[in-house]
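Architecture and fold: a report
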Amino acid sequence: MKSNVIINADISKGKINKNIYGQFAEHLGRCIYEGLWVGQDSPIENTEGIRNDVIAALKKLSIPVLRWPGGCFADEYHWKDGIGPKETRKRMVNTHWGGVVENNHFGTHEFFKLCEMLDAEPYICGNVGSGTVQEMSEWVEYMTFGGESPMANLRQANGKEEPWKLKYFGVGNENWGCGGNMRPEYYADLYRRYQTYVRNYGDNRIFRIAGGANVDDYRWTEALMREAGHLMDGLSLHYYTIPGKWEDKRHALGFDEAEWFETMQKSLYMDVLITRHSAIMDRYDPDKRVGLIIDEWGTWFLAEPGTNPGFLYQQNTIRDALVAALHLHIFHSHNDRVQMTNIAQMVNVLQAMILTEGSKMVLTPTYHVFEMFKIHQDAEALSVETASGSYEWDGVSIPQVSVSASKAPSGDIHISLCNTDPNNEAKITTQIRGIESRGEAEGVILAAANMQAHNTFEDPERVKPEAFHGFKKEGGVLEITLPPMSVAVIKL
Ligand code: AHR
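Keep in mind that this is a model prediction, so the values were computed, not measured.

1. What about the overall build of the protein chain?
Counting its regular elements, the protein chain contains nine helices and 28 strands. Dimensions of the protein chain, computed from C-alpha atoms along their principal axes, come out at roughly 70 × 50 × 45 Å. The contacts in the protein chain between residues at least 6 apart in sequence include a share of 75% that link residues at least 24 apart. A total accessible area of about 18700 Å² is found for the protein chain, and carbon and sulfur atoms account for 49% of it. Charge-centre separation for the protein chain: the mean point of 48 positive side chains lies 3 Å from the mean point of 65 negative side chains.

Structure representation (structure tokens):
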């Protein structure tokens with residue numbers, strides 16, 4: 001199929017907020033425990049209990065922001081259980097996720113250490129569902145108050161003299177569901193009340209994020225913006241890409257082309273959701289002060305056979321790489337409203353960057369897309385016009401290619417492209433206008449021989465980026481041939 005693309009290098013579409021490349025780590029399955037935290041006494045090499053191999057790999061992604069401790073876990077988490085000497089920390093049951101014992105060894109201090117090691121901004125999600133206003137307010141005081149106060153004194157007694165800097169704070173999670181089964185008007189009132197006590201101490205300024213809608217619940221967005229829009233900096237949105245039905249999920253491996261197609265189609269639905277939620281937000285906030293914060297997204301398949309279904313551990317194929325690339329392109333194109341997103345989740349859960357098994361770890365195809373695309377972080381989005389060929393399945397068609405481009409502060413232009421069609425290559429004539437000299441071009445590509453291609457502990461490099469030479473450059477025109485089911489980045 002043939003596609004035509006025009007990149008207007010002289011038309012800026014604003015900055016691509018680096019926080020679009022954010023991540024999420026919940027106390028769920030083996031994300032925190034085993035995936036990130038192994039404890040000081042582990043034979044796995046660690047720094048203060050945090051595993052070194054995983055951190056070294058994650059650092060290559062330049063993760064801008066990390067959301068914690070949930071998810072559904074956040075509305076059952078009582079932060080005081082996770083501070084002080086480890087041996088006296090309360091043990092609790094993680095009722096949402098597998099009914100396992102949570103020993104609270106990973107708490108506030110450990111989370112800030114993790115963020116410091118990753119050089120990522122912490123984004124903490126507070127407990128509205130089962131927590132009090134006092135508990136939330138004291139957590140913020142514990143973390144950010146610099147003077148003398150009961151919570152600042154407690155923090156100091158636990159070995160942290162100076163307060164931390166905390167920018168992002170979520171007031172509850174999925175309050176329409178696991179976070180309290182509330183009606184939007186009721187949650188809007190609670191949001192108003194709880195956020196009042198999320199104080200700015202000293203020069204710490206908190207960006208307050210209200211719990212947002214599930215998928216296409218526009219009534220939720222409408223009520224929140226109407227009742228509380230003026231008291232928030234961000235409003236969240238959750239949408240997972242789930243082929244099949246929620247109650248009849250499909251396998252991460254062993255799927256056919258019908259499921260491949262449906263997965264691509266459902267990824268593209270993110271564009272519709274953002275457009276519609278943003279239209280509501282525009283009515284209450286025409287200056288786009290309030291960010292749309294998509295703090296959970298990604299694929300959700302059946303847990304791998306033989307694993308605890310409550311741990312949400314799934315493999316990750318070239319299909320996930322396409323899902324990631326399509327989403328990131330959609331987020332770029334809505335960078336006027338979308339200020340942050342957090343893929344679910346960082347390690348061992350849902351659409352993960354990294355899978356671990358004991359001391360072994362493997363990088364997923366999704367990891368590689370985040371690594372290849374990091375050049376878009378905080379770069380200037382360029383205007384891109386795409387007339388895509390189509391990928392058809394069973395009488396329905398979607399665009400075969402998706403393209404995004406940005407200009408880095410160095411002047412380099414990066415074009416990222418993907419081909420959703422698992423059978424046919426894409427021929428893309430790309431005209432670059434609006435710049436004089438374009439220099440040399442070089443490329444990198446993530447491709448695979450079949451739809452289920454993935455990395456395993458035994459074969460960790462089956463899907464990995466390679467140098468890309470499938471293009472010819474003549475003056476301002478690039479003739480690109482993108483193999484089936486691939487993601488590429490070309491640098492000019
Ligand atoms: O990411 C897994 C779960 O999905 C989160 O805990 C919850 O917020 C959502 O339903």
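This is not the end of the story, as more comes after the structure.
2. With respect to the pattern of salt bridges
Enumeration over the complete set of coordinates arrives at 31 salt bridges. D295 serves as the salt-bridge partner of R67, at 3.6 Å between the closest nitrogen and oxygen. On the criterion of sequence distance, the pair formed by R67 in strand β5 (residues 65-68) and D295 in strand β14 (residues 291-299) is long-range, its members being 228 residues apart. Overall, D295 belongs to the buried group, its relative accessible area being 2%. The closest approach of N and O atoms between R462 and D459, which form a salt bridge, is 2.7 Å.

3. Regarding the state of the cysteines
Scanning all chains against the criterion turns up one disulfide. Each sulfur of the disulfide joining C72 and C178 lies 2.2 Å from the other. Where C72 bonds to C178 through sulfur, the torsion about that S-S bond is close to -90°, and the disulfide is left-handed. Residue C72 is located in the loop between β5 and β6 (92-94), and its partner C178 is located in the loop between β9 (168-171) and α5 (184-196); the two are separated by 106 residues in the primary sequence. Distance from the sulfur of C115, which forms no disulfide, to the nearest cysteine sulfur (C31) is 12 Å.

4. Thoughts on the layout of surface pockets
If a probe as big as a water molecule is rolled over the atoms, it shows which places are left empty. Roughly 530 Å³ of internal volume is contained in the largest pocket. Around the largest pocket, the lining comprises 22 residues; the ones closest to its centre are H329, I330, S333, S402 and V403. Elements supplying a minimum of two residues to the lining of the largest pocket: α7 (257-284), α8 (318-333), β18 (380-387) and β21 (401-407). The residue inventory of the lining of the largest pocket, partitioned by class, reads ten nonpolar, ten polar and two charged. Counted as a void, the second largest pocket has a volume near 400 Å³. Taken together, 22 residues make up the lining of the second largest pocket; nearest its centre are N214, Y240, I242, W246 and W300. If one sorts the elements of the lining of the second largest pocket by residue count, strand β11 (residues 234-241) sits on top with three residues. Here the lining of the second largest pocket is composed, by residue class, of 13 nonpolar, five polar and four charged.

5. Thoughts on the pairing of strand β16 (residues 354-357)
For a regular strand, side-chain orientation follows a simple rule: the groups alternate between the two sheet faces. Examined bridge by bridge, β16 and strand β17 (residues 360-363) share four bridges and lie antiparallel to one another. Counterpart to L355 in the pairing with β17 is V362. Here β16 folds back onto β17 in antiparallel fashion, the turn holding two residues, of which G358 has a positive phi close to 55°.

6. Quick look at the nonpolar core
One finds L36, L58 and F169 to be the most contacted residues of the largest nonpolar core, which totals 119 residues. At ten residues, the largest contribution of residues to this core is made by α8. Not counting chain neighbours up to four residues away, the residues in contact with L58 comprise L36, I63, L118, M346, M353 and I354. The next biggest cluster of nonpolar side chains, apart from the first, holds 22 residues, and it includes I7, I445, A488 and L492.

7. Here we look at the side chain of D295
Polar side-chain contacts of D295 include one of 2.5 Å to the side chain of H238. Excluding residues within four positions of it along the chain, D295 makes contact with F24, R67, Y123, I209, S236, L237, H238 and N342.

8. Section: helix α2 (residues 108-118)
Where burial is concerned, most of α2 is hidden: ten out of the eleven residues are buried. Turning to α2, its buried residues are T108, H109, E110, F111, F112, K113, L114, C115, M117 and L118.

9. Concerning the site of the ligand
Taken together, 13 residues are adjacent to the ligand, and E26, C72, E174, Y240 and E296 come closest. One nitrogen or oxygen atom from the side chain of E26 is found 2.7 Å from an oxygen atom belonging to the ligand. Within the contact set of the ligand, an oxygen atom lies 2.7 Å away from a side-chain nitrogen or oxygen of E296. Within the complex, 94% of the 280 Å² of free accessible area of the ligand lies under protein. Of the residues assigned to the shell around the ligand, the class counts are seven nonpolar, three polar and three charged.

10. Brief notes about α5
For α5, built from 13 residues, the straight-helix expectation of 18 Å at 1.5 Å per residue is met to within 8% by its first-to-last C-alpha distance of 18 Å. Those residues of α5 that sit buried are P184, Y187, A188, L190, Y191, Y194 and Q195. For α5, the buried positions fall inside an angular range of 165° around the axis, keeping them on one side. Looking at the buried positions of α5, the neighbouring elements they touch are α3 (133-144), β9, β10 (207-214) and α6 (218-228).

11. Quick word on the side chain of T341
Relative to the elements of secondary structure, T341 occurs in strand β15 (residues 338-344). Separated by 3.0 Å, the side chains of T341 and W297 make a polar contact. Setting aside chain neighbours within four positions, we find T341 in contact with N19, I20, Y21, G22, Q23, I294, W297 and F331.

What counts and how
- Residues numbered from 1 in each chain as written.
- Predicted model: local features only at pLDDT ≥ 70, side-chain atom pairs only at ≥ 80, totals over all residues.
- Heavy atoms only, no water.
- Helix = DSSP H or I, 4+ residues; strand = E, 2+ residues; numbered from the N terminus.
- Contact = heavy atoms within 4.5 Å.
- Areas by Shrake-Rupley, 256 points an atom, 1.4 Å probe, with all protein chains shown as cover.
- Lys, Arg positive; Asp, Glu negative; His and termini not counted.
- Charge placed at Lys NZ, Arg CZ, Asp CG, Glu CD.
- Salt bridge = Lys/Arg side-chain N within 4 Å of Asp/Glu carboxyl O.
- Buried < 20%, exposed > 50% of the residue type's maximum accessible area, 1.4 Å probe, protein only.
- Disulfide = S-S within 2.5 Å.
- 1 Å grid on protein atoms, 1.4 Å probe; cavity = no way out; pocket = protein on both sides within 12 Å on 5 of 7 lines; lining within 4 Å.
- Points joined across faces, edges and corners; volume = space filled by probe spheres on them.
- Nonpolar A, V, L, I, M, F, W, Y, C, P; charged D, E, K, R; others polar.
- Pairing = 2+ DSSP bridges.
- Core = buried A, V, L, I, M, F, W, Y, C linked by side-chain atoms within 4.5 Å.
- Polar contact = N/O pair within 3.5 Å; in protein donor to acceptor, adjacent residues only side chain to side chain.
- Near = heavy atom within 4 Å.
- Expected span 1.5 Å × (residues − 1).
- Arc of directions from axis to C-beta.

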